[in-house]
Amino acid sequence: MLEPVLKVEGLVKRFGGLVATDNLNLDIREGEVHAVIGPNGAGKTTMISQLIGELRPDAGSIRFLGQDITHLPVHARSHLGIARSFQITSIFLNFTTLENIMLAVQAHDGHSFRFWKDARSDPRLREPAMAALEQVGLAHRAETVASVLSHGEHRQLEIAMALATRPKLLLLDEPMAGMGPEDSARMVTLLRQIKGSITMLLIEHDMDAVFALADRITVLVYGRGIATGEPDEIRRNEQVRQAYLGDEA
Amino acid sequence: MSSLLRLKSPITTIAGSILLVLLGLVPVFAMLLDDPFMLTLFTRIVIMAIAAVSLNLILGYGGMVSFGHAAYIGVGGYAIGILAHHGITEAWIQWPVALIGSALVALLIGLLSLRTKGIFFIMLTLALAQLVYYLGNGAYAYGGDDGLTILQRTDFGGLLDLNDKETLYYLCWVLLVIVLWLTYRVVNSRFGMVLQGAKSNDRRMATLGFPVFRYRLTAFVISGTICGLAGILTATYTDFISPAMMHWTRSGDLIVMVVLGGMGSLFGPLFGAVTFLMLEEILSSWTEYWKIVFGPILLLVVLFARGGIDGAMVRGAAGYALTGLITLFLIYVVHYLWYDDWIPAAVVLAGAAAAILAIWYRQRREAVAIASAGGDHA
């Protein structure tokens with residue numbers, strides 16, 4: 001079998017007395033959508049923060065495409081091909097929609113110690129950025145300042161920025177957070193389109209979306225992975241039902 | 001809907017360009033009015049504008065509140081003074097040494113302070129600048145806290161004669177224009193986008209793949225170097241160096257100029273420096289306690305004119321900005337005509353203030369009338 005894209009082994013993160021990540025093991029296979037679900041406070045975002053490099057784990061290792069990245073800084077992981085969308089929309093509010101994406105493109109188009117040429121009119125940034133906006137259906141808002149976009153559009157832009165870095169692995173931290181049913185459905189459609197071409201790790205509370213998208217699911221409770229399997233297995237798993245799914249399943 | 005770059009709002013560009021042209025004509029006015037002091041004042045204004053533009057690059061565009069920018073004025077100035085003291089006056093040695101010296105000090109201070117954020121960054125830049133200040137204080141070979149007189153100005157060969165007041169003024173003015181042009185290019189380049197992105201959201205920048213620290217440090221060094229240029233010019237036109245030129249209050253003045261003029265606007269620091277120094281000049285000639293008047297004015301600007309002078313223009317409150325500038329001009333004229341006599345000055349200014357208030361009151365009543373008549377459309 002192929003080595004997984006991302007391999008997490010024995011990951012531990014403590015905040016004082018609280019163990020937020022408790023000896024977590026996780027394999028993410030190439031091309032799959034791997035959902036991580038769990039009740040609030042299960043340590044999902046803490047896990048993502050360690051995968052992206054914002055938090056240093058206390059123990060354990062993270063391997064990406066066969067390379068140990070446990071101690072790499074955030075920007076270096078991005079260049080290896082890990083991208084992240086934030087749970088709380090994290091965009092550049094005073095930039096236009098297009099400029100937001102152009103910045104993402106720029107991050108992966110060589111260094112930025114270029115002091116003279118106008119960046120906004122540079123086709124090497126504009127064209128890929130426009131393409132990314134078209135992909136998520138935001139092209140008509142290209143010249144709009146990001147701060148006036150709707151919540152749903154912010155979420156789309158959030159994803160588009162991550163996509164514009166051409167990642168091999170996309171970490172999605174609650175992409176449907178705060179969305180109405182219509183926007184959620186649009187997001188599911190979008191994620192379906194890119195499914196297969198980019199490996200995804202999806203954290204989401206919307207179970208309909210999770211079961212519609214995920215190839216495999218890991219259930220996290222108190223920082224510990226209690227089960228991993230295909231959606232049907234997870235649905236049937238007694239331990240999971242008790243811990244999390246309740247009457248929903 | 002304005003984008004990130006405020007330059008897209010034409011009014012600021014127009015006002016800034018007009019101000020630049022007016023500054024360029026100052027030697028002509030000074031000659032017509034036969035007032036050599038005017039040239040001295042405006043040389044100082046133009047030099048401080050260069051320093052303010054340099055601070056704006058990191059404060060306005062990069063969100064880095066450096067509370068120690070006067071240190072680079074000091075380094076630039078001391079380099080010139082010390083070299084001149086040892087008889088080295090050639091420009092091609094003095095200027096590069098001063099600029100490289102400023103860059104190195106900025107690199108050191110940046111390396112240490114840019115690891116921190118917010119109030120810690122402000123305090124660290126202040127503390128490190130104080131360190132440079134006390135170095136100057138303790139440099140007894142170069143006058144200690146008494147300072148050192150520069151006996152011979154920088155020698156530009158046959159190219160420029162800096163002993164000529166007009167030549168020195170035009171050198172400063174041309175350098176200001178160049179620095180503004182450089183800033184314009186830099187903030188719109190890829191580097192500038194990174195700088196502004198990091199101001200807005202540095203966490204996201206790292207996630208996108210930018211090693212933010214390196215870019216910030218580079219901007220910090222560029223800014224320090226340009227500020228060092230202001231130091232060179234300060235030492236040249238005062239023929240004097242002393243630790244006072246890098247006193248922490250000077251760093252504070254620079255921040256005030258940038259905030260007053262408008263952070264992150266190309267011409268903002270220019271508006272700020274001109275307004276700040278003219279007000280200082282005028283108020284301090286009237287009363288020793290001029291800061292009692294100056295403080296509240298600044299407070300009002302911070303409280304009611306967010307984005308400073310530039311912000312007022314961009315928001316369409318051009319009227320207010322214009323009123324402010326006209327008032328400033330009026331104050332200056334009054335100041336000029338009755339230099340030491342505050343009574344006619346006060347009468348004229350009180351009259352002008354009353355007129356402005358009356359106009360404002362009438363406009364307001366009209367606006368209220370329109371609003372209540374057309375309430376349905378609102």
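Residues numbered from 1 in each chain as written. Chains lettered and ligands numbered in written order. Predicted model: local features only at pLDDT ≥ 70, side-chain atom pairs only at ≥ 80, totals over all residues. Heavy atoms only, no water.

Asks: How do you make sense of the interface of chain A and chain B when you look at a structure like this?
Replies: Frequently, the measure chosen for interface size is the accessible area that the parts lose on association. Across the boundary between the two partners, chain A contributes 42 residues, which contact 33 residues of chain B. Interface area, chain A with chain B, both sides summed: about 3300 Å², of which 59% is carbon and sulfur. Across the contact surface, chain A and chain B share 4 salt bridges. Across the salt bridge formed by A:Glu54 and B:Arg203, the nearest N and O atoms sit 2.9 Å from each other. Our enumeration of links across chain A and chain B arrives at 21 residue pairs in polar contact (both at pLDDT 80 or more). Elements represented by at least two residues in the side of chain A that touches chain B include exactly α2 (74-80), α3 (97-107), α4 (123-136) and α5 (151-164) of chain A. Broken down by element, the residue count for the side of chain A that touches chain B peaks at 5 residues, all from α3(A). Looking at the side of chain A that touches chain B, its residues break down into 19 nonpolar, 12 polar and 11 charged. (Contact = heavy atoms within 4.5 Å. Buried area = accessible area lost by both parts, 1.4 Å probe. Salt bridge = Lys/Arg side-chain N within 4 Å of Asp/Glu carboxyl O. Polar contact = N/O pair within 3.5 Å; in protein donor to acceptor, adjacent residues only side chain to side chain. Helix = DSSP H or I, 4+ residues; strand = E, 2+ residues; numbered from the N terminus. Nonpolar A, V, L, I, M, F, W, Y, C, P; charged D, E, K, R; others polar.)

Asks: I tried to follow a nonpolar patch on the surface on my own but got confused; where do I start?
Replies: Residue and element names in this part refer to chain B. A cluster of nonpolar residues, Ile14, Ile18, Val21, Leu22, Leu25, Val28, Phe29, Leu32, Leu33 and Tyr170, forms a patch on the protein surface that exposes about 880 Å² of accessible area. Contributions of two or more residues to the nonpolar patch are made by α1 (10-24) and α2 (26-32). Of all the elements, α1 adds the most residues to the nonpolar patch, at 4 residues. Mapped onto the elements, Leu32 comes out in helix α2. (Patch = residues over 30% accessible without salt bridge, like charges linked within 9 Å, V, L, I, M, F, W, Y side chains within 5 Å. Areas by Shrake-Rupley, 256 points an atom, 1.4 Å probe, with all protein chains shown as cover.)

Asks: Which parts of the structure should I look at to understand the state of the cysteines?
Replies: As used in these notes, a disulfide is a covalent bond between sulfur atoms, one from each of two cysteines. Residues and elements named next belong to chain B. Scanning the entire structure with this criterion turns up 0 disulfides over all chains. With no disulfide partner, Cys172 has as its closest neighbouring cysteine sulfur the one in Cys227, 14 Å distant. Judged by its relative accessible area of 0%, Cys227 falls in the buried class. (Disulfide = S-S within 2.5 Å. Buried < 20%, exposed > 50% of the residue type's maximum accessible area, 1.4 Å probe, protein only.)

Asks: Please explain the sheet that holds strand β6 (residues 82-85) of chain A as it appears in this structure.
Replies: Strand pairing in a sheet takes place through backbone hydrogen bonds and is either antiparallel or parallel in direction. Residues and elements named next belong to chain A. The strand order across the open sheet formed by 6 strands is β6-β7-β8-β3-β9-β10, and the pairing between neighbours is mixed. At either end of the open sheet lies a strand with only one pairing partner, and these are β6 and β10 (224-229). Neighbour-to-neighbour, the strand axes of this sheet turn through a mean angle of 20 degrees, independent of strand direction. Here α5 sits on the sheet and contacts β6 and β7 (169-173); the angle it forms with β6, its principal contact strand, is near 175 degrees. (Pairing = 2+ DSSP bridges. Axes fitted to C-alpha atoms, helices over the stretch in contact; angles between N-to-C directions.)

Asks: Looking at this structure, I do not really get the packing of helix α3 (residues 36-59) of chain B against helix α7 (residues 165-188) of chain B. What am I missing?
Replies: In a pair of packed helices, the angle between the axes and the distance between the axes together describe the arrangement. Residue and element names in this part refer to chain B. Taken N-terminus to C-terminus, the directions of α3 and α7 make an angle of 20 degrees; their axes are 10 Å apart at the nearest point. Considering their axes alone, α3 and α7 lie roughly parallel with respect to each other. Classified by chirality, the crossing of α7 by α3 is left-handed. Touching Pro36, Leu39, Thr40, Phe42, Thr43, Val46, Ile47, Ala49, Ile50, Val53 and Leu57 of α3 are Lys165, Glu166, Tyr169, Cys172, Trp173, Leu175, Leu176, Val179, Leu180, Thr183, Val186 and Val187, all from α7. Of the residues contributing to the contact of α3 with α7, the split by class is 18 nonpolar, 3 polar and 2 charged. (Parallel < 35°, antiparallel > 145°, perpendicular 65-115°, else oblique. Left-handed = near helix turned anticlockwise from the far one by under 90°.)

Asks: Can you help me understand the domain arrangement of chain A in this one?
Replies: Residues and elements named next belong to chain A. Each domain of chain A was delimited in the assignment, giving domain 1 (1-81 + 168-180 + 198-249) and domain 2 (94-166). Taking only C-alpha atoms, the centre of domain 1 and the centre of domain 2 are 27 Å apart. Taken together, the 12 residues of domain 1 in the interface contact 9 residues of domain 2. Of all residues in domain 1, His79, Leu170 and Met179 give up the largest surface area on contact with domain 2, accounting jointly for 41% of the area buried on that side. Along the contact surface separating domain 1 from domain 2 lie 0 salt bridges. Counting the contacts that link domain 1 with domain 2 gives 4 residue pairs in polar contact (both at pLDDT 80 or more). When contributions to the side of domain 1 that touches domain 2 are tallied by element, the ones reaching two or more residues are α2 and β7. Its residues assigned to classes, the side of domain 1 that touches domain 2 comprises 6 nonpolar, 3 polar and 3 charged. (Domains from an automatic or database assignment.)

Asks: Please explain the pattern of salt bridges as it appears in this structure.
Replies: One side chain can pair with another of opposite charge once the charged atoms of both are near each other. In the structure shown here, the tally under the stated rule is 20 salt bridges over all chains. Residues A:Glu99 and A:Arg120 are paired through a salt bridge, measuring 2.8 Å at the closest nitrogen-oxygen approach. Placement of A:Glu99 in helix α3 and of A:Arg120 in the loop between α3 and α4 is noted, with a sequence separation of 21 residues between them. A:Arg120 carries the same exposure label as A:Glu99, and that label is buried. In this structure, B:Asp202 engages B:Lys117 in a salt bridge whose closest nitrogen and oxygen atoms are separated by 3.0 Å. With B:Asp202 in helix α8 (residues 190-208) and B:Lys117 in the loop between α5 (91-113) and α6 (118-138), the pair connects residues that are 85 residues apart, well separated along the chain. Under the relative-accessibility criterion, B:Lys117 is labelled exposed at 55%. Residues participating in the shared-partner salt-bridge network are A:Glu54, A:Arg84, A:Asp173 and B:Arg203.

Asks: Quick question: what am I supposed to make of the pairing of strand β1 (residues 6-15) of chain A here?
Replies: Residue and element names in this part refer to chain A. Of the pairings in the sheet, the one linking β1 to strand β2 (residues 18-28) comprises 7 bridges and is antiparallel in character. Bridge pairing in β2 links Lys13 to Thr21. Between β1 and β2, which pair antiparallel in sequence order, lie 2 residues; one of them, Gly16, sits at a positive phi of approximately 60 degrees. The sheet contact formed by β1 and strand β4 (residues 59-64) spans 5 bridges and is antiparallel. Following the sheet pairing, Val8 is matched in β4 by Ile62.

Asks: Explanation requested: the side chain of A:Asp173 in the structure shown.
Replies: All names here are of chain A. With respect to the helices and strands, Asp173 occurs in strand β7. Look at Asp173 and you get buried, because its relative accessible area is 0%. A polar side-chain atom of Asp173 sits 3.2 Å from a polar atom in the side chain of Thr45. Setting aside residues no more than four positions away along its own chain, Asp173 makes contact with Thr45, Ile48, Arg84, Ser85, Phe86, Gln87, Arg155 and Ile203.

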